[in-house]
Amino acid sequence: MSTIAHKLQAVDATIRAASNTAGRDRASIQLLAVSKSFPAEAVLEAIAAGQRAFGENYLQEALDKMAAVAAALPAAPIEWHFIGPIQSNKTRPIAAGFNWVHTVERLKIAQRLSEQRPAGMAPLNICIQVNTSGEASKSGAAADEVEELARQITLLPNLKLRGLMTIPELETDEARQRAGFARLRLLADGLRAGGIELDTLSMGMSADLAAAIAEGATIVRVGSAIFGVRNYD
Ligand SMILES: *Cc1c(COP(=O)(O)O)cnc(C)c1O
């Protein structure tokens, strides 16, 4: 078995243990393998080990890798998730090439993604990125802007609002990790109480995925625990 296959098994075991502890069903949590900085060969190894959903942060790198994977495995049912910062002049290839976008933080980007989603494709799945730490330097919509943005997104024809995403402060203490994730969960609960349909909480990475699962994560985004140490971030 390849190293990547072994690491995928280890991450799956961590997810399984965390979901047991939380009294949750393993099947309610999707593992998104974050392949940024790693070559198409690493993605192909993960696919061979059964992984289907991949996350990428940088558009050109992603497009090159997606083309290489499609050339090697034209029929593989791969899901690509865009999880990086979005420049407004780069929305068209994101709208055409991805199944999910986790990092929408303003309406203008959402409008462009909807307009540019090619006819005949399923609606693009969207998460609103939320700044749960409140620091001005962090990306994501402010918590008090999320409801209005969510309502606007539900009106766009070629998008499907799925949920919220956050990248909290790096914390080593599990109680502190959980506090950041709990803020996202409570925000989502509030939106649902207001009639907005959401089924996704995208939160948790290699170092804090157990805390995220304890707080209700439905997608964990895991890079280094699967692929190893990156040569950039
Ligand atoms: C890189 C990245 C990840 C994966 O981080 P690891 O710590 O390597 O698991 C998850 N989410 C986002 C948004 C990222 O940029």
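Residues numbered from 1 in each chain as written. Predicted model: local features only at pLDDT ≥ 70, side-chain atom pairs only at ≥ 80, totals over all residues. Heavy atoms only, no water.

The name given to the protein in an unreviewed UniProt entry is Pyridoxal phosphate homeostasis protein, with Massilia eurypsychrophila as the source organism. Reading the Function (unreviewed entry) entry of the UniProt record for the protein gives the comment "Pyridoxal 5'-phosphate (PLP)-binding protein, which is involved in PLP homeostasis." Here is the UniProt Sequence similarities (unreviewed entry) comment for the protein, exactly as written: "Belongs to the pyridoxal phosphate-binding protein YggS/PROSC family." (UniProt positions renumbered as here; feature names shortened; annotations may be inferred.)

Undergrad: Quick rundown of the site of the ligand? Include the residues and the values.
TA: Among the 13 residues in the neighbourhood of the ligand, the closest are listed as Lys 36, Asn 57, Ser 206, Ser 224 and Arg 230. In the environment of the ligand, an oxygen atom lies 2.7 Å from a nitrogen or oxygen atom belonging to the side chain of Lys 36. Here an oxygen atom of the ligand and a backbone polar atom of Ser 224 are 2.7 Å apart. Alone, the ligand offers 390 Å² of accessible surface; in the complex the protein occludes 90% of this. The cavity where the ligand resides is the largest pocket. Taken together, the residues of the shell around the ligand break down into 6 nonpolar, 4 polar and 3 charged. (Near = heavy atom within 4 Å. Polar contact = N/O pair within 3.5 Å; in protein donor to acceptor, adjacent residues only side chain to side chain. Areas by Shrake-Rupley, 256 points an atom, 1.4 Å probe, with all protein chains shown as cover. 1 Å grid on protein atoms, 1.4 Å probe; cavity = no way out; pocket = protein on both sides within 12 Å on 5 of 7 lines; lining within 4 Å. Sits in = over half its atoms within 2 Å of the grid points. Nonpolar A, V, L, I, M, F, W, Y, C, P; charged D, E, K, R; others polar.)

Undergrad: Tell me about helix 3 (residues 59-72), residues and numbers included.
TA: Counted at 1.5 Å a residue, the expected span for helix 3 with its 14 residues is 20 Å, and the 20 Å between its end C-alpha atoms agrees. Burial in helix 3 covers these residues: Leu 59, Ala 62, Lys 65, Met 66 and Val 69. Axial view of helix 3: buried residues confined to an arc of 130 degrees, hence all on one face. Along helix 3, the residues that are exposed and aim more than 90 degrees away from the buried face are Gln 60 and Ala 71. Along its buried surface, helix 3 packs onto helix 2 (40-48), strand 2 (53-56), strand 3 (79-82) and helix 4 (91-97). (Helix = DSSP H or I, 4+ residues; strand = E, 2+ residues; numbered from the N terminus. Expected span 1.5 Å × (residues − 1). Buried < 20%, exposed > 50% of the residue type's maximum accessible area, 1.4 Å probe, protein only. Arc of directions from axis to C-beta. Contact = heavy atoms within 4.5 Å.)

Undergrad: Can you tell me about the layout of surface pockets, naming the residues and giving the values?
TA: Computed from the structure, the largest pocket encloses a volume of approximately 620 Å³. Lys 36, Asn 57, Ile 167, Met 205 and Arg 221 are the residues nearest the centre of the largest pocket, which is lined by 30 residues in total. For the lining of the largest pocket, the secondary-structure elements that each account for two or more residues are strand 4 (100-104) and strand 8 (219-222). (Points joined across faces, edges and corners; volume = space filled by probe spheres on them.)

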